[in-house]
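In case you want the letters, here they are:
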Amino acid sequence: MKRSKNVDLSRMRKAWHYRTKLAPSLAIIAAGGSLSGCGEDVEVFSTLGDCENRYPLRSEECRYSYQQALHDADRYGPRYTKESDCEFDFGQDACRERELDSHVWFMPYMAGFAMHDDDYRRSAPLFSSKKRSSPLYKKWVNSQGSILGRQQFGPQNFSSSAFNKSSSSQRVFGRGGFGKLAASKARSGGSFSRGG
């Protein structure tokens, strides 16, 4: 049997259709983008004064959010028995002595606070490290050890875990313990890292 010499091979090949190959890829990207975009719109301030300067007509809301964040920092913030252990995670002169529950603890200073865009009653204390070797260096971390994003001020989008309050966070950490907790949460996907 003789083969035809006039066969158009290009018409017989399966064509790559961008719609069939590209659409699933775009769906995956869109889903990933929407997942990473989920979160809470917040504004991050370093001090009460920064909030009041930005929102002069909302100074009462700023005061409430700031006071709530200070309270939560004391109640839920990371605790250490030794100042040197606290400074190992947060840097020199970054920790304070607090007497809580009839014990003396060393806790990091609150480096900033997040105020929810829609509900000023939802605020959160934020911590950050001054120590370059710390996994918390120049990052926002909440009381539970979730790294929320780069340390910067102004509008940001944080995971709703930024506002979590849990008594399990009242455990006492040793040298590097809180930093290790935050690093392991970040590796396992237990923290949300967006905001810049």
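Caption draft 1: Molecular detail of the state of the cysteines. Enumeration over the complete set of coordinates arrives at two disulfides. Sulfur-sulfur distance for the disulfide between Cys 51 and Cys 62 comes to 2.0 Å. Residues Cys 51 and Cys 62 are joined through a disulfide that is left-handed, its torsion about the S-S bond being -75 degrees. With Cys 51 in helix 3 (residues 48-54) and Cys 62 in helix 4 (residues 59-76), the pair connects residues that are 11 residues apart, well separated along the chain. The pair Cys 51 / Cys 62 is uniform in exposure class, with both members buried. Disulfide partners in the protein chain, listed by the sequence order of the bonded cysteines, are 1-2, 3-4.

Caption draft 2: Representation of the pattern of salt bridges in the model. All chains considered together, the criterion is met by six salt bridges. Between Asp 74 and Arg 96 there is a salt bridge, and its shortest N-O distance comes to 2.8 Å. Placement of Asp 74 in helix 4 and of Arg 96 in strand 3 (residues 95-100) is noted, with a sequence separation of 22 residues between them. Note on Arg 96: relative accessible area 16%, which makes it buried.

Here is what the cut-offs are and how they apply
Residues numbered from 1 in each chain as written. Predicted model: local features only at pLDDT ≥ 70, side-chain atom pairs only at ≥ 80, totals over all residues. Heavy atoms only, no water. Disulfide = S-S within 2.5 Å. Helix = DSSP H or I, 4+ residues; strand = E, 2+ residues; numbered from the N terminus. Buried < 20%, exposed > 50% of the residue type's maximum accessible area, 1.4 Å probe, protein only. Salt bridge = Lys/Arg side-chain N within 4 Å of Asp/Glu carboxyl O.

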